[in-house]
Structures are given as structure tokens and as C-alpha cells.
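# Topology and contacts: notes
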Amino acid sequence: MQSKTILTFYGGVNEIGGNKVLLKDKDTKIFLDFGMPFALRGQFYSAPFLAPKSEKSLLEFDILPRLSGIYESENSEPEIDAVFISHSHMDHAAYTTFLKKSIPVYCGETTKILLEALSKIRVRNLEFNVKDIQFKPFRTGDKIQIGSVEVEPVHVDHSVPGAYGFVIHTSSGSLAYTGDFRLHGTRPEMTKDFIEKAKEAKPVAMIPEGTNMAGAEISSEPEVEKKLTKIIKGTSGIVLVDFARADVDRLRSVYQAAKRNGRNLVIPLKQAYLLEALKQKDKELRKDPRIPNLNDEHIMIFQKAKKRYYVWERELMERYQTKVVDSSKIAKKQSRMVLAFSFYDFEELVEIKPKPGSCYISSVSEPYDEEMQIDYERMTNWLNHYGLPLYHVHISGHIMPLQLKETLQAIKPKQIFPIHGAYPELFSRFMSNLKSKITLVEREKEYTV
Ligand SMILES: [Zn+2]
Ligand SMILES: [Zn+2]
């Protein structure tokens, strides 16, 4: 039996995302997040033509850590007691897919709704499928006892709804795990609640994200909404906007900007499916009048041209028959539309034929939160062909360096283990005048707290 608490990092080390932190306390073992490491995976694979075929391939390159007693494919008793997922982004949640179904997966209620909906629309996906997972939903205020460890989830603001940080009480003292968080979104008070709880716990160790050390800027989600409104106002043709499907804050910003300019927002089937699930099942989002439901007069659904539709797609189109538009319909009403549109939809431009005075807005910057890397060269060729200027309007889902430093200064943890960032040395130098000891994490090494 171990008397100390030990942390081992199986992901999120020197890279943005892929968090998998094993916490051992006495004979209790829990994982904090179990995500897909986009950067590491991208070193070997490039979907769709070079995609991993099996779990074995992922283990070969340590994309999935080589651990015994945790994967469903192995016939043995589970060696871990629980997994805690901070939020629904794939770099935190996807690889729960491979875990033994007898291991309980704790996550926020919104995260459960999103993961189940995402799993349904990504048909037959090796790396993400939550079928048969035993989700144990939590809310802020809950205290979850797992053996000698007590986990307190506290909501934080991030670019997906239902994100949490954890304050974890162990036999060596308390730990604080931020997950992904920020202070410049639409709900900074939630992040402040987490900071307050973490501070009260006087943590012996803290595991913060450090995504934006080399990509900081000053803006906010409300500012993004203002900029979108201005661009749409000045555009005479169609407005095409690329943004993350599960980023409800951004959806709200684009929707508000479209509505203010008397336009309809047209969203793809996948986004419509997620929004319907959230509006039906999530108590908080249902009440938020700024987030539209699919029956809203300014919302329409985009039917891309293809030979066959999945059952969920056909059912959704039947439920909202009057809302569905295809490219030829959109082409006729360009000045009335804002179309949610990603690089993978570009083929539809042949039918839409954007009129002179149309615009493309890129409202994304985080390929590690999505599955794809944007192919800028090809994208530029398309935009050039159709005479579409490219506007970039975005703000990150992650905390900025100065605010992170203030946060760490306020919480005063004894030790800091920075993860979820590509520049841990930069992080540790920038933070080196704090009173906390900063440890540069190595993958799969054990750290005693
Ligand atoms: Zn992340
Ligand atoms: Zn995230």
C-alpha cells in the first residue's frame, strides 16, 4: 500500500490536449480525462487516407498508453476505480471508448448529453464511441468519494458548455485540476467559482492547462459577436462562417449577429442534431433565450448534397421539414443567409455560386479541438476562385497567460505541474517568480505530491 499520492501523466505532456492523468492514492486509482492526443496522432496518421485501423495501431505508437487492466479488449479485472472527464472535447474524452465498460466514467450532465449525441452522429468510429459506457453525471456542489479520494467538480467557462475543473482531496492534501478554462468567455463567474474553491482548499499541487503561452491575445466572446455583426452588416451577398459545432457560445454569437441583420442562420445537420439534444435535455441551456432552438424563425438546416443519408439525418429532416434548405435554395436568397460552413463543405460552393460582395469568416483556430487540420492552401484557392475575402474572427477557449499567472498567484499551490501546452519551459520561466515549485512533466514518470 502506498502512503503518498502519486501522479503519472500519460498525455497532455508537451502538447495541447490528450490529457490522461493517473492519480494514485493509497489503493485508489483514478484517471483525470482520457483524451485523444491530436499532435502525437498527427505524427503518424492523417485521416481519412491514413487512419488507425485498430487499438493495436494506437498502442504501437503510444497514442494509447500501454497499460494493463484498463482496456475492454483485455479480459481482466479493472485496475482503476474511476475516470473523471472535465469536458466533451475529444482531446479530453475520446479514448474512454477503449476503457473497460465496468469502469465508471464521471462527467457533467451536459458532457454526457454531448458525448452521446456526438457518438450517434459519428457512425462506426474506431476512436470514439461511447456505447455501453457507464456515465455517472455530476454537478457543481457534488462531492464524489472514490476510495480514499474525494473529487469536487466545479464549473468553469470554456468553448464548450458543461466544462469542469476538479478540486481533489487526497491523503496528501488537496489538488486542483483546471481542465480547459478561460476568463474571457460569456461566463467568467463560473471560472471564478473554481478559482475560489481551489484557493480555499490550499492545494499541495495544481495541474493547470497552459495552451496559450505562445498565442495570447486580448478579446472576448462579446467582442467576437460585435465584430461578426459588423461584417454581416457590410456584406451584400452570402456570409459563410466556419465555427466549432459544439461551441454553443459561438453559435449564439453568430446567431445574434445574423438575427440583428435580418438574416437567417443555416446550420448543418450535425450541428442541428447537437443543438436539439442540448435544448431538449440540458436544463440550463433550455432556459437560455439567447440560444435558439431549431423551431426559431431565424434558424434553418442545411442539407448537403449526397447519395444516402444516415437514419438520424433522415429523421431530423423529417422532424423539421419546413426548415431544411439545400444549396440551390440558399443560392437564391444569399443576402438573407448566414451559412455555417467548413472547409469540408466547399464543394457546395459550385451550386451556391456566391454573388460578388459575399464573405468568408473563419471563426476557428484550434484544430486540436476538432478532428481536422485546415488545409489553408486549398482553402485560399477556393476563396480566390469565388472572390470571397477571408475574415478571421475568433477568441480562444483557453485562459491567457497574464490571467493564468494571476490565477496561480491567488490559489498558491505548493507545486505546479503544467500540462496541455506546447511550451512548458516558457510557462515555467514566465511563472518562475511565483512562490510555487514548478515541475516540468515527463510522460509516464511518477511524481509524488
Ligand atoms: Zn483541451
Ligand atoms: Zn477543450
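Residues numbered from 1 in each chain as written. Chains lettered and ligands numbered in written order. Predicted model: local features only at pLDDT ≥ 70, side-chain atom pairs only at ≥ 80, totals over all residues. Heavy atoms only, no water.

## Thoughts on the overall build of the protein
The helix and strand inventory of the protein stands at 15 helices and 21 strands. At 22 Å, the protein has a C-alpha radius of gyration in line with the 22 Å of a compact globule built from 449 residues. For the protein, the proportion of its 449 residues judged to be buried stands at 59%. A separation of at least 24 residues holds for 71% of the contacts in the protein among residues at least 6 apart in sequence. Counting every atom, the protein has about 19,900 Å² of accessible surface; 49% of that belongs to carbon and sulfur. (Helix = DSSP H or I, 4+ residues; strand = E, 2+ residues; numbered from the N terminus. Rg over C-alpha atoms; globule rule 2.2 N^0.38 Å. Buried < 20%, exposed > 50% of the residue type's maximum accessible area, 1.4 Å probe, protein only. Contact = heavy atoms within 4.5 Å. Areas by Shrake-Rupley, 256 points an atom, 1.4 Å probe, with all protein chains shown as cover.)

## Some words on the coordination of the zinc ion (ligand 1)
The protein atoms that coordinate the zinc ion (ligand 1) are Asp91 (OD), His92 (NE2), Asp180 (OD) and His420 (NE2), at distances of 2.1 to 2.2 Å. Taken in sequence order, the residues that donate to the zinc ion (ligand 1) follow the motif D-H-x87-D-x239-H. (Donors = N, O, S within 2.8 Å, 3.2 Å for Na, K, Ca; no water.)

## Focus on the sheet that holds strand β16 (residues 337-340)
One open sheet accounts for seven strands, arranged β15-β14-β13-β16-β12-β17-β18; its pairing is parallel. Strands at the two margins of the open sheet, each flanked by one partner only, are β15 (324-325) and β18 (390-392). In this structure, strand β12 (residues 239-242) lies alongside strand β17 (residues 359-362), joined through four bridges in parallel fashion. Considered in β17, the bridge of Asp242 is made with Ser362. Of the strands in this sheet, β12, β16, β17 and β18 touch helix α6 (residues 221-234), which is tilted by about 170° from β17. Its contacts with the sheet place helix α7 (residues 248-260) against β12, β13 (264-268), β14 (299-302) and β16, and it is angled at close to 145° to β13. (Pairing = 2+ DSSP bridges. Axes fitted to C-alpha atoms, helices over the stretch in contact; angles between N-to-C directions.)

## Quick notes on the domain arrangement of the protein
Structurally, the protein comprises domain 1 (5-215 + 398-448) and domain 2 (221-392). The distance between the C-alpha centroids of domain 1 and domain 2 comes to 30 Å. The partner domain 2 presents 24 residues to the 28 residues of domain 1 that form the contact. Counting the surface lost from both domain 1 and domain 2, the interface buries some 2,300 Å², and carbon and sulfur atoms represent 59% of this. Remark: the boundary between domain 1 and domain 2 carries two salt bridges. For Arg182, the salt bridge identified is with Asp249, shortest N-O distance 3.1 Å. At the surface where domain 1 touches domain 2, the tally comes to five residue pairs in polar contact (both at pLDDT 80 or more). The biggest single contributor to the side of domain 1 that touches domain 2 is helix α4 (residues 109-121), with eight residues. (Domains from an automatic or database assignment. Buried area = accessible area lost by both parts, 1.4 Å probe. Salt bridge = Lys/Arg side-chain N within 4 Å of Asp/Glu carboxyl O. Polar contact = N/O pair within 3.5 Å; in protein donor to acceptor, adjacent residues only side chain to side chain.)

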